[in-house]
Amino acid sequence: MSDKKKQDRASWAAIAVLVILAAGVALFFVMRDTEAADRAGTRVFICAETLKEFDHRVQPGEHVPVLSPETGRATGYPAEGCFWTKLPNGEWGYKSEPTYVLLNKYQGKDGPTLCPDCGREVVPHNAQKLPKRSERDKARAAAGGS
Ligand SMILES: [Zn+2]
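Residues numbered from 1 in each chain as written. Predicted model: local features only at pLDDT ≥ 70, side-chain atom pairs only at ≥ 80, totals over all residues.

**Q** Describe in detail the overall build of the protein chain, supporting the description with residues and values.
**A** Helices and strands together make up the secondary structure of the protein chain, namely two helices and eight strands. The secondary structure elements of the protein chain, listed N-terminal to C-terminal, are α-β-β-β-β-β-β-β-β-α. Across the 146 residues that make up the protein chain, the buried fraction comes to 16%. A sequence separation of at least 24 residues applies to 44% of the contacts in the protein chain between residues at least 6 apart. (Helix = DSSP H or I, 4+ residues; strand = E, 2+ residues; numbered from the N terminus. Buried ≥ 20, exposed ≤ 12 C-beta atoms within 10 Å, placed from the backbone. Contact = placed C-beta atoms within 7 Å.)

And the structure:
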């Protein structure tokens, strides 16, 4: 075999490796996007009887309360995420991992629902009432982050 042919074979092998790597990378991104979509369709529910959290993906046409794996009955209600926290200096801050709270109305209780973590009132679609970015930055700075 001539050196030229060996070189050709080597470069084809290199191209083949690159193609396989590219396919692998593409597959990785496709899989990752699918997982993200899966997570997006899944939200946290709380069983009104056991007060345990569970992940549930709402199906088209499904109504609240949903079937709770804790009771085996329709006692699951969507949890509201509270992203607030009380900072050591007494100010309100932002946390990235919410505390999940079951609204009082789902438990047949009157009055505002208060977050057990920070004491702030939790309302339907609570996660949309996020602290302003400036407050998040303050919280991050207070926590010693960058
Ligand atoms: Zn809270």
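From this point, things continue past the structure.
**Q** Give me the pairing of strand β4 (residues 74-78): which residues, what numbers.
**A** Pairing of strand β1 (residues 42-47) with β4 involves three bridges; the strand directions are antiparallel. The residue bridging C47 from the neighbouring strand is G76, located in β4. Two strands pair when backbone bridges link them, and strand β3 (residues 66-67) and β4 are joined in this way by two bridges, in the antiparallel orientation. Note that in β4 the partner of V66 across the bridge is G76. Hairpin geometry of β3 and β4 is characterised by an intervening segment of six residues between the two adjacent antiparallel strands and by a positive phi of about 75° at G72. (Pairing = 2+ DSSP bridges.)

**Q** Can you lay out the pairing of strand β2 (residues 53-57) for me, pointing to particular residues and giving the numbers?
**A** Strand direction decides the pairing type here: β1 and β2, joined by five bridges, are antiparallel. When the sheet's bridge partners are listed, R43 is paired in β2 with H56. Here β1 folds back onto β2, and the loop between the two strands holds five residues, one of which, L51, carries a positive phi near 60°.

**Q** Break down the sheet that holds β2 for me, citing the residues and quoting the values.
**A** The strand order across the open sheet built from four strands is β2-β1-β4-β3, with neighbouring strands paired in antiparallel fashion. Pairing within the sheet leaves two strands with one partner each, and these edge strands are β2 and β3.

**Q** Summarise the nonpolar core; cite the residues concerned and give the values.
**A** Membership of the largest hydrophobic core is limited to 12 residues, which are F45, I46, C47, A48, A79, C82, F83, W84, V101, L102, C115 and V122. Listed by contribution, the elements that provide at least two residues to this core are β1 and β5 (80-86). (Core = buried A, V, L, I, M, F, W, Y, C linked by C-beta atoms within 7 Å.)

**Q** Break down unusual backbone geometry for me, with residues and values.
**A** In this structure, P65 follows V64 across a cis peptide bond, with omega equal to 0°. You can see P65 is positioned in the loop between β2 and β3.

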